[in-house]
Structures are given as C-alpha cells and as structure tokens.
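# Coordinates in review
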Amino acid sequence: MSALFVARSSLPLSIRSFYISSAALCIVGLLCHQAYQRWQASKNAPRFRFLDLPAELRENILLYTIDRDPSYPAKPKTAAQSPGWMSRLLPSRKPVITGGPALLLASRQLHDEYSAVLAKIGTFKLVINAHNYQKPAMWQVSAATFANLRHVRLELHLTPSMMGSFDPRNASQSPATEWPLYLHVCRALAKMARLNSLEMYVHACGDPLWNPLWLWHYASQAFKQADVKQLRSIRFKMDGPGLGENHIARTSGGCWEWRCRKEHPIRDESEGWLPVRELCAALYRECASCQLQKEEAERMNW
Ligand SMILES: [Zn+2]
C-alpha cells in the first residue's frame, strides 16, 4: 500500500492533473446523461391538465386555495410591508404572487372560475370613504363577480362632507332620498342579484367638531328604510374603544330591533325616523340579560 502511494505520488504533476480532469469530466458527463434521461422520461409521460377535470372537481380544488376574505379597496401597505431604505440597495425583484390570487393570473377561464367560487363563499368587505364615494364604480370588482356576491360587509367611513353638508344636523333634517350617497349605495346593492347577507358598519370619522352620533343617526335611519331585505344589521364604530355598544338588527319577521353585543334583544326600533336622543339612549342602554348573567356568575363565585 505504501509502495503504491509512493508510486502514485511520484507521478509527474501534469499526469496527475490529467487523471483528475478526466475523472471530473466523466462524472459531469454521467450526471448530464441521467438528467437527459429523466427529461426524456418526463417528456414522454402522460400529462395531466387541470382544466381537463370536470368543473365540479375544479371547484372543489379551488375551495382549498381561498384562505381569506377580499377587501375593496385593497388595504394600504403597512410600514412592515412597505419597502425600506435597505431595499434600495438590493437588486429589484418582481413581487411573487402565490396561492389563490396567482390563479387569477393564470388564464381567463381560471380567473372567472376562481372569482365565482370566491363570490360564493367569501365575505366581501366593501369600503366607502371620502376617496371613492363619488366615483361611479366605488370598488374595482367586475360586473360578473358583483352579480355573484353572496355575503357582503359594507363599511361606511362617514365624514360630514359625505353627507352633503358640513353640519350633519342639516343633513339629518332632509329625507334619505335626497342623500346622493344613499342613492348611490342602493343602486350598487341592486346589482348584487344573488346577495344573501349584508352587514353594515357605520364608521364615524373626520371632523372633531361634530359628535359622531349625528353621523350614526343619519346613516342608520336612512339605510334601515332602504328596500334591501338582505341587510341584517347596522353597527356603529369610531376611532377609539368604548363607543357604539349596541346595534340594530333585523328580526326573522323583518322588523328592526336593538341588540347588545351578545345579540340579546334590548328594545324595538321604530319603523320611522328615530329621534337622535332616543338613538343615543338605545345605543348605550344596558342589556338586562347580560346583567342577569353577570349577577348569576357572581353568585356562583360566592
Ligand atoms: Zn346582552
């Protein structure tokens, strides 16, 4: 063994380099040959096309790709998502779209099928704010998808100017049929031919001069009288916690009533225009059922 080692190590350097290069070339050639054989095998293998599946099976597969409810307009990028100064130093990279949204870009047929499934099972969050409320098309949703929507959460981010007046008290003195935004929303809802459930959130924002109650009052009293049977509830929000305790919900009989956060009935809602003071009282009225549950829980702890 030691004699052989001595014999090999005694070979001239050029001959040893030749042996090593030849061995490396053989290995590379072998790997290329194997890769070529695999490519040939995959080329000749029977191919499976997703679009050859029956439509029902494709729909079942598409259901697995939907992992979130869409929002229009799309949420702005957060600080964590926005590119920082480091990204300017790195080479630019195209954004990678994965999951369900990637299917929207695959083909027109897949786009239509994916949109139809999404409209059937997803809850579309449609936001109306100061930026889009005057646009003819408030959301970038195709007419076909719009007509297929089943579940919608409509968020009104109201400012006094969106009510057509700087002073919301002036707006509350006029009927809803004179409110351009109300008519605009009703026309949009009328295009949702398959709408099954609609939840409305009245988000008071904007001018700190005005009490949010005026915005909640006018919007809720206007939309509760809209001819939209799918409208199930009207909830109230604003920046900051602790406000908008109770909400208005439609009963199985089609009437409106006030409910607490746990959906206990609190009081009936009038069919006509509720005075703003009564709305304020109903909004913050304590729920007797919740109070009873609380007292029972305290008694059990004793
Ligand atoms: Zn309650």
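Reading the values: rules and limits
- Residues numbered from 1 in each chain as written.
- Predicted model: local features only at pLDDT ≥ 70, side-chain atom pairs only at ≥ 80, totals over all residues.
- Helix = DSSP H or I, 4+ residues; strand = E, 2+ residues; numbered from the N terminus.
- Buried ≥ 20, exposed ≤ 12 C-beta atoms within 10 Å, placed from the backbone.
- Core = buried A, V, L, I, M, F, W, Y, C linked by C-beta atoms within 7 Å.
- Contact = placed C-beta atoms within 7 Å.
- Pairing = 2+ DSSP bridges.
- Axes fitted to C-alpha atoms, helices over the stretch in contact; angles between N-to-C directions.
- Parallel < 35°, antiparallel > 145°, perpendicular 65-115°, else oblique.
- Left-handed = near helix turned anticlockwise from the far one by under 90°.
- Nonpolar A, V, L, I, M, F, W, Y, C, P; charged D, E, K, R; others polar.
- pLDDT = per-residue confidence, 0-100.
- Arc of directions from axis to C-beta.
- Right-handed = clockwise from strand over helix to strand, strands pointing away.

## As for the overall build of the protein chain
Broken down by element type, the protein chain carries 12 helices and 8 strands. Counting the 302 residues in the protein chain, one finds 21% classified as buried.

## Focus on the nonpolar core
Formed by 49 residues in total, the largest nonpolar core has its most connected members in V152, L158, M200, V202, L215 and A219. The biggest single contributor to this core is helix α10 (residues 212–223), with 7 residues. Sequence-distant contacts of L158, that is, excluding residues within four places in its chain, are made with M163, V202, H203, A204, C205, L215 and A219.

## A look at the sheet that holds strand β4 (residues 197–204)
Read across the open sheet, the 8 strands follow the order β1-β2-β3-β4-β5-β6-β7-β8; overall the sheet is mixed. Edge positions in the sheet fall to β1 (71–72) and β8 (265–268), since each has one partner strand and no second. Pairing of strand β5 (residues 231–238) with strand β6 (residues 247–250), which is carried by 2 bridges, proceeds in the antiparallel orientation. Among the inter-strand pairings, I234 is bridged to a residue of β6, identified as I248.

## Quick look at the packing of helix α3 (residues 55–65) against helix α6 (residues 108–121)
α6 packs onto α3 with a crossing angle of 65° between their chain directions and a minimal axis gap of 10 Å. Here α3 lies roughly perpendicular to α6, going by the angle between them. Crossing geometry of α3 relative to α6 is assigned as right-handed. Here R58, E59, L62 and L63 of α3 come into contact with α6, specifically with E113, Y114, V117 and I121. Its residues assigned to classes, the contact of α3 with α6 shows 5 nonpolar, no polar and 3 charged.

## Some details on the confidence of the model for the protein chain
Here the protein chain averages 83 in pLDDT, while 84% of its residues score no lower than 70. Contacts from residues 1–7, a stretch scored under 50 in pLDDT, to residues over four places away or in other chains number 0 contacts.

## Things to note about helix α11 (residues 276–283)
Among all positions in α11, only L279, A282 and L283 are buried. Along the axis of α11, the buried residues cluster in a sector spanning 100°; they form a single face. Elements that come into contact with the buried residues of α11 comprise α10, β5, β7 (256–259) and β8.

## Remarks on the environment of F236
Along the chain, the position of F236 falls in strand β5. Taking the C-beta count within 10 Å as the criterion, F236 has 24 such neighbours and is therefore assigned buried. Separated by 81 residues in the primary sequence, F236 and E155 place their C-alpha atoms 9.9 Å from one another.

## Some words on the pairing of strand β2 (residues 123–128)
Regular strands place their side chains on alternate faces of the sheet. Of the pairings in the sheet, the one linking β1 to β2 comprises 2 bridges and is parallel in character. When the bridges of β2 are listed, S71 appears paired with K125. As paired elements, β2 and strand β3 (residues 151–158) share 6 bridges and run parallel to each other. Paired with V127 across the two strands is E155, which belongs to β3. With helix α7 (residues 143–148) bridging β2 and its parallel neighbour β3, the resulting β-α-β unit is right-handed.

## What about the pairing of β7?
With 4 bridges connecting them, β6 and β7 associate as antiparallel partners. Paired with I248 across the strands is W258, a residue of β7. Linking β6 back to β7 in an antiparallel pair, the connection comprises 5 residues, with G254 at a positive phi of about 95°. Of the pairings in the sheet, the one linking β7 to β8 comprises 3 bridges and is antiparallel in character. In the sheet register, E257 faces β8, and the bridge partner there is D268. Turn length for the β7-β8 hairpin, with the two strands adjacent in sequence and antiparallel, is 5 residues, and the turn residue E263 shows positive phi of about 70°.

## A look at unusual backbone geometry
With an omega of -10°, the peptide bond running from Y72 to P73 counts as cis. The backbone of E263 sits at a positive phi, close to 70°, despite the residue not being glycine.

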